[in-house]
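What follows is each chain in one-letter form.
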Amino acid sequence: MLKAENLKVIYDNKTLALQDINLKVGHGEFVGIIGSSGSGKSTLLKCMNLLVRPTGGKICLDDRDLMSLTSKGLREIRREIGFIFQDYNLIDRSTVIDNVLIGRLSYKTPFQSLFRIFSQDDYERAQKALSYVALEEKMYERADQLSGGQKQRVAIAKTLCQRPKVMLADEPVASLDQATAHLIMEYFRRANQKKNITILINLHDVKLAKTYCSRIIGLKKGSLVFDGKAGELTDDILKRIYA
Ligand SMILES: Nc1ncnc2c1ncn2[C@@H]1O[C@H](COP(=O)(O)OP(=O)(O)OP(=O)(O)O)[C@@H](O)[C@H]1O
């Protein structure tokens, strides 16, 4: 279980980005986070793997308090938590397979990481992850040769290579057209249903959130104003979230 307790984030001693966030996300849930621009969606997601260090409160994964971990402990727990960015976060000049292999780095010693030493098993896992997103034939192409949707599929394959328990996705379809956005959302759905990976995803498209997520969290000005089933998200509640 992923848990946030009394979470608070203040940037630069002046901008209150999150306050009083209490959240429990059970194993295998598919949770969408919605809210206006600046409501704190990215901050919340980034707190969940300490990309942003909360000003106050606690983040736990399966009862391990992330903020009390050593850097080695944090490195180990971060491989259980994949992160997908809106802008894909790939190395453009590297091949697709080399990008996917980056997902294996958290299993390597610092020496192996530095010199990018991968085993046969790593290559097999990377290849399997690429076939999962139907991109095996692009394996040796440079990442910058791919379309946006293909790049996001590579990012998903890279994350799957980590063998994560949780996937955090920050507006992963915001730069994509509708059809491609649905295709990418289907991959998240499959990862959730077939691999039982917990998904927390920021979406500005409420329709997408209602279609794919079973639970929705609504943020407004850094506070949690809705937490319920997708089917309970009425127009009145939406007005409250976005007013
Ligand atoms: N690195 C930062 N330094 C200072 N302030 C920040 C930083 N990141 C975010 N903020 C501020 O914190 C608040 C919440 O921002 P956040 O990016 O989490 O919201 P969001 O809901 O994800 O917005 P968007 O949908 O536009 O990405 C905003 O007021 C924002 O300006």
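Residues numbered from 1 in each chain as written. Predicted model: local features only at pLDDT ≥ 70, side-chain atom pairs only at ≥ 80, totals over all residues. Heavy atoms only, no water.

- As recorded in an unreviewed UniProt entry, the protein goes by Phosphonate transport system ATP-binding protein and comes from Tindallia californiensis.

Quick word on the site of the ligand
Okay, step 1: Every residue near the ligand is listed here: Tyr11, Asp12, Thr15, Ala17, Ser36, Ser37, Gly38, Ser39, Gly40, Lys41, Ser42 and Thr43.
Okay, step 2: Between Lys41 and the ligand, the recorded distance is 2.9 Å, taken from a side-chain N or O atom to an oxygen atom.
Okay, step 3: Here Thr43 contributes a side-chain N or O atom positioned 2.5 Å from an oxygen atom of the ligand.
Okay, step 4: Taken by itself the ligand offers 630 Å² of open surface, and the protein chains cover 59% of this.
Okay, step 5: Listing elements by their share of the shell around the ligand, those giving two or more residues are β2 (15-25) and α1 (41-47).
Okay, step 6: In terms of residue count, the dominant contributor to the shell around the ligand is α1 (three residues). (Near = heavy atom within 4 Å. Polar contact = N/O pair within 3.5 Å; in protein donor to acceptor, adjacent residues only side chain to side chain. Areas by Shrake-Rupley, 256 points an atom, 1.4 Å probe, with all protein chains shown as cover. Helix = DSSP H or I, 4+ residues; strand = E, 2+ residues; numbered from the N terminus.)

A word on the packing of helix α6 (residues 148-161) against helix α7 (residues 178-195)
Okay, step 1: Axis separation between α6 and α7 bottoms out at 9 Å; the angle between their running directions is 15 degrees. Taken as axis vectors, α6 and α7 run roughly parallel relative to one another. Relative to α7, the crossing made by α6 is right-handed. Touching Gly149, Gln152, Arg153, Ile156 and Leu160 of α6 are Thr180, Leu183, Ile184, Tyr187, Phe188, Ala191 and Lys195, all from α7. (Axes fitted to C-alpha atoms, helices over the stretch in contact; angles between N-to-C directions. Parallel < 35°, antiparallel > 145°, perpendicular 65-115°, else oblique. Left-handed = near helix turned anticlockwise from the far one by under 90°. Contact = heavy atoms within 4.5 Å.)

With respect to the sheet that holds strand β1 (residues 2-11)
Okay, step 1: Across the sheet, four strands lie side by side as β2-β1-β4-β5; this open sheet has antiparallel pairing. The strands lining the two open edges of the sheet, one partner per strand, are β2 and β5 (64-65).
Okay, step 2: Sheet topology note: the strand β4 (residues 56-61)/β5 ladder contains two bridges and is antiparallel. Paired with Cys60 across the strands is Asp65, a residue of β5. (Pairing = 2+ DSSP bridges.)

Section: the domain arrangement of the protein
Okay, step 1: Along its sequence, the protein is organised into domain 1 (1-80 + 166-243) and domain 2 (90-163).
Okay, step 2: Using C-alpha coordinates to define each centre, domain 1 is positioned 25 Å away from domain 2.
Okay, step 3: Contacts between the two partners involve 16 residues from domain 1 and, on the opposite side, 16 residues from domain 2.
Okay, step 4: Roughly 1,400 Å² of surface becomes buried between domain 1 and domain 2 when both sides are summed, with 63% attributable to carbon and sulfur atoms.
Okay, step 5: Ranking the residues of domain 1 by area buried against domain 2 places Arg75, Arg79 and Tyr187 at the top, with a combined share of 46%.
Okay, step 6: Our enumeration of links across domain 1 and domain 2 arrives at zero salt bridges.
Okay, step 7: Counting across the interface, domain 1 meets domain 2 through eight residue pairs in polar contact (both at pLDDT 80 or more).
Okay, step 8: Among the elements that line the side of domain 1 that touches domain 2, the one with the most residues is α7, at nine residues.
Okay, step 9: The residue inventory of the side of domain 1 that touches domain 2, partitioned by class, reads nine nonpolar, one polar and six charged. (Domains from an automatic or database assignment. Buried area = accessible area lost by both parts, 1.4 Å probe. Salt bridge = Lys/Arg side-chain N within 4 Å of Asp/Glu carboxyl O. Nonpolar A, V, L, I, M, F, W, Y, C, P; charged D, E, K, R; others polar.)

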